[in-house]
Amino acid sequence: MSQRLHLVFGGELVRPSSTKFRRPSQIHMVGIFPDYDSAFAAWKSEAQRTVDSAHTRYFIAHLHRLRDEERAVSATEELGD
């Protein structure tokens, strides 16, 4: 069974209606989580902590969706057990 990893990150946006970060070098990486429920809990905590900042947003990236499991992998992607 494959893992379904999720990355939670956020920071200050240029405009509240956009997803463009004002300072990409200062994006807050909350962490990588093994399932959606724990990622959601981390996202919710950060979102509530920054609720007074209209320009600050946090996101959940579904890392498992970034890989095409049908595509052949390069030697650097092959990790032995």
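Structure: above.
Here's what I pulled together on the structure shown here.

About the thresholds
- Residues numbered from 1 in each chain as written.
- Predicted model: local features only at pLDDT ≥ 70, side-chain atom pairs only at ≥ 80, totals over all residues.
- Heavy atoms only, no water.
- Helix = DSSP H or I, 4+ residues; strand = E, 2+ residues; numbered from the N terminus.
- Contact = heavy atoms within 4.5 Å.
- Areas by Shrake-Rupley, 256 points an atom, 1.4 Å probe, with all protein chains shown as cover.
- Buried < 20%, exposed > 50% of the residue type's maximum accessible area, 1.4 Å probe, protein only.
- Pairing = 2+ DSSP bridges.
- Polar contact = N/O pair within 3.5 Å; in protein donor to acceptor, adjacent residues only side chain to side chain.
- Axes fitted to C-alpha atoms, helices over the stretch in contact; angles between N-to-C directions.

A look at the overall build of the protein
Then, in step 1: If you tally the helices and strands in the protein, you get one helix and three strands.
Then, in step 2: The linear arrangement of helices and strands in the protein, starting from the amino end, is β-β-α-β.
Then, in step 3: By sequence separation, contacts in the protein at least 24 residues apart represent 58% of the contacts at least 6 residues apart.
Then, in step 4: By element, 53% of the accessible surface of the protein is carried by carbon and sulfur atoms, the whole surface being about 6,300 Å².

Section: the pairing of strand β1 (residues 6-12)
Then, in step 1: Judged by how many residues are buried, β1 sits mostly within the fold: six of seven residues are covered.
Then, in step 2: Alignment of β1 against strand β2 (residues 28-33), held across five bridges, turns out to be antiparallel. Residue pairing across strands places leucine 7 opposite isoleucine 32, the latter belonging to β2.

Quick word on the environment of arginine 23
Then, in step 1: As for its position among the elements, arginine 23 is in the loop between β1 and β2.
Then, in step 2: Owing to a relative accessible area of 39%, arginine 23 belongs among the partly exposed residues under this scheme.
Then, in step 3: Through-space distance from the C-alpha of arginine 23 to that of glycine 11 is 8.1 Å; in sequence the pair is twelve residues apart.
Then, in step 4: One polar contact links arginine 23 to glutamate 12, side chain to side chain, over a distance of 3.1 Å.

Here we look at the side chain of glutamate 46
Then, in step 1: Looking at the element boundaries, glutamate 46 is found in helix α1 (residues 36-49).
Then, in step 2: When neighbours within four sequence positions are excluded, glutamate 46 is seen to be in contact with His28, Val30 and Tyr58.

Remarks on the sheet that holds β2
Then, in step 1: Strands sit in the order β2-β1-β3 across an open sheet of three strands; the sheet is antiparallel. In this open sheet, the two strands that pair with only one neighbour each are β2 and β3 (56-62). Here the strands of the sheet are splayed against their neighbours by 15 degrees on average, with no regard to which way each runs.
Then, in step 2: Its contacts with the sheet place α1 against β1, β2 and β3, and it is angled at close to 170 degrees to β3.

All we've got here are geometric facts, nothing functional implied.
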